[in-house]
Amino acid sequence: MIEASVIVDAASNILDAAAKRDLDGVALLVTAGPTHEELDPVRYLGNRSSGKMGFALARRAAARGARVTLIAGPVSLPTPPGVTRVDVTSAREMHEAVTARDTEARAVIMAAAVADYRPSVRAAEKMKKGEEQSLAITLELSPDILADLAARRRARGGSTPLLVGFAAETGGLDEKAQAKLGRKGCDLLVGNDVSEPGSAFGGDTNRITLYAPGAPPDPLPLLTKDEAADRVLDRVAALLGR
Ligand code: PMT
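Residues numbered from 1 in each chain as written. Predicted model: local features only at pLDDT ≥ 70, side-chain atom pairs only at ≥ 80, totals over all residues. Heavy atoms only, no water.

1. Focus: the sheet that holds strand β13 (residues 218-219)
Strands pair in a sheet through their backbones, by hydrogen bonds, and they do so in one of two ways: parallel or antiparallel.
Here comes step 1: Taken in spatial order, the eight strands make up an open sheet running β5-β4-β1-β6-β9-β10-β12-β13, and their pairing is mixed. A single partner strand is all that each edge strand has here, and the edge strands are β5 (84-87) and β13.
Here comes step 2: Sheet topology note: the strand β4 (residues 67-72)/β5 ladder contains four bridges and is parallel. What sits directly across from A72, in β5, is D87.
Here comes step 3: In the packing of helix α3 (residues 91-99) onto the sheet, the strands contacted are β1 (27-32), β4 and β5, and the crossing angle to β1 comes to about 175 degrees. (Pairing = 2+ DSSP bridges. Helix = DSSP H or I, 4+ residues; strand = E, 2+ residues; numbered from the N terminus. Contact = heavy atoms within 4.5 Å. Axes fitted to C-alpha atoms, helices over the stretch in contact; angles between N-to-C directions.)

Right, dumping it as structure tokens:
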């Protein structure tokens, strides 16, 4: 038996499709969810991302006519109707999946909460408890996927794909997001303060602010993640001249 939420999604997509097709045929790459960085065969470092924000972007983009490939970290969400899904686990796998497809996309939207660091060593067998009162784990940098997409685009000398990043902060959103926009080299940055009520990981709502180079921040009210996704996609459509 198909889950009721999948039937509701499919029905609302059909109704929406009749309303707005401004992304018709546009190839979009969307990332969603956390990454898991293994310490041993049974443990990992991860974060609280549920994937809901990224899946909402994929769902709404497909409803507006886009050809969406969704690179999903480990989450338990159904694939939105009409979306091609590629499941990955670690930041390295996500990096590989995204860079294998970025040149075919008109826009890449990075909603995934990618681990900045991973354990330097993955134990082949389950790590055993010893007599020590503390245990130090050495971490090393993971690939910065978004910064790498911007570097690859620069190396090709073009402006495609359009790059949209997210910034999950806990306080000081404007300052940190503006700095991240420049550092990552993207065209649009979607900021959210995950310590604010209504904008936490795993919830169904989000309060986002849009940041673009040379423009003042555009703070939006508290919205459902589907509504927030539509507002981001409105900007993407405009930037793509749709
Ligand atoms: O999944 P939900 O529960 O619905 O929650 C949604 C969300 C809070 C995860 C989402 O709205 C969000 O903010 N996603 C980005 C989270 C994040 O990793 O932010 P960051 O500030 O650490 O990263 C900045 C940007 O660089 C992001 O676009 C991220 O995908 C990208 N990144 C980060 C690290 C890395 N090694 N490579 C990257 O590409």
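Still to come is the rest of the account.
2. Details of the packing of α3 against helix α4 (residues 145-156)
Here comes step 1: In contact at an axis separation of 10 Å, α3 and α4 are set at 30 degrees when each is read in the N-to-C sense. Judged on the interaxial angle alone, α4 and α3 are roughly parallel. Handedness of the α3/α4 crossing: right-handed. Contact residues: A91, M94, H95, V98 and T99 in α3; I145, D148, L149 and R152 in α4.
Here comes step 2: Partitioning the contact of α3 with α4 into residue classes produces five nonpolar, two polar and two charged. (Parallel < 35°, antiparallel > 145°, perpendicular 65-115°, else oblique. Left-handed = near helix turned anticlockwise from the far one by under 90°. Nonpolar A, V, L, I, M, F, W, Y, C, P; charged D, E, K, R; others polar.)

3. Let's talk about a nonpolar patch on the surface
Here comes step 1: Taken together, L45, Y117, L135, I137, L139 and L141 make up a surface patch of nonpolar side chains, about 580 Å² in accessible area.
Here comes step 2: Positionally, L45 belongs in strand β3 (residues 43-45). (Patch = residues over 30% accessible without salt bridge, like charges linked within 9 Å, V, L, I, M, F, W, Y side chains within 5 Å. Areas by Shrake-Rupley, 256 points an atom, 1.4 Å probe, with all protein chains shown as cover. Salt bridge = Lys/Arg side-chain N within 4 Å of Asp/Glu carboxyl O.)

4. Concerning helix α5 (residues 173-184)
Here comes step 1: Over its 12 residues, α5 extends 16 Å from the first C-alpha to the last, a length consistent with the 16 Å expected when each residue adds 1.5 Å.
Here comes step 2: Residues L173, A177, K180, L181 and K184 constitute the buried set of α5. One face of α5 carries all of its buried residues, which in axial projection span an arc of 105 degrees. Along α5, the residues that are exposed and aim more than 90 degrees away from the buried face are E175, G182 and R183.
Here comes step 3: Buried residues belonging to α5 abut α4, β9 (162-169), β10 (188-193) and β12 (208-211).
Here comes step 4: Looking at the residues trailing α5, positive phi occurs at G185, about 70 degrees. (Expected span 1.5 Å × (residues − 1). Buried < 20%, exposed > 50% of the residue type's maximum accessible area, 1.4 Å probe, protein only. Arc of directions from axis to C-beta.)

5. Here we look at the pattern of salt bridges
Here comes step 1: Scanning the entire structure with this criterion turns up 19 salt bridges.
Here comes step 2: Across the salt bridge formed by K184 and D144, the nearest N and O atoms sit 2.9 Å from each other. Linking K184 in helix α5 with D144 in the loop between β8 (139-141) and α4, this pair joins segments that are 40 residues apart in sequence.
Here comes step 3: The class for K184 is buried, based on a relative accessible area of 17%.

6. Describing the layout of surface pockets
Here comes step 1: Here the largest pocket defines a volume of roughly 810 Å³.
Here comes step 2: For the largest pocket, the lining is made up of 39 residues, of which A112, A113, V114, F166 and A168 are closest to its centre.
Here comes step 3: Listed by contribution, the elements that provide at least two residues to the lining of the largest pocket are α2 (52-63), β8, α4, β9 and α5.
Here comes step 4: Element by element, the count of residues in the lining of the largest pocket is highest for β9, at four residues.
Here comes step 5: Split into classes, the residues belonging to the lining of the largest pocket amount to 21 nonpolar, 12 polar and six charged. (1 Å grid on protein atoms, 1.4 Å probe; cavity = no way out; pocket = protein on both sides within 12 Å on 5 of 7 lines; lining within 4 Å. Points joined across faces, edges and corners; volume = space filled by probe spheres on them.)

7. Overview of the side chain of N206
Here comes step 1: Structurally, N206 can be placed in strand β11 (residues 205-206).
Here comes step 2: A polar side-chain atom of N206 sits 2.9 Å from a polar atom in the side chain of N192.
Here comes step 3: Setting aside residues no more than four positions away along its own chain, N206 makes contact with M53, N192, G198, S199, P221, L222, L223 and K225. (Polar contact = N/O pair within 3.5 Å; in protein donor to acceptor, adjacent residues only side chain to side chain.)

8. Examining the environment of A115
Here comes step 1: Mapped onto the elements of the fold, A115 is located in the loop between β6 (107-110) and β7 (117-119).
Here comes step 2: Among the residues examined, A115 registers a relative accessible area of 15% and is labelled buried.
Here comes step 3: Through-space distance from the C-alpha of A115 to that of E125 is 22 Å; in sequence the pair is 10 residues apart.
Here comes step 4: The contacts of A115, once residues within four sequence positions are left out, are T35, E37, A91 and S142.

9. What about the site of the ligand?
Here comes step 1: Near the ligand lie 28 residues; those nearest to it are S49, A112, K180, N192 and G202.
Here comes step 2: L146 is positioned such that a nitrogen or oxygen atom in its backbone is 2.8 Å from an oxygen atom of the ligand.
Here comes step 3: Between K180 and the ligand, the recorded distance is 2.4 Å, taken from a side-chain N or O atom to an oxygen atom.
Here comes step 4: When isolated, the ligand has an accessible area of 770 Å², and the protein chains bury 95% of it.
Here comes step 5: Assessed atom by atom at 2 Å from the grid points, the ligand resides in the largest pocket. (Near = heavy atom within 4 Å. Sits in = over half its atoms within 2 Å of the grid points.)

It is worth stressing that arrangement in space is one thing and function is another; only the former is reported here.
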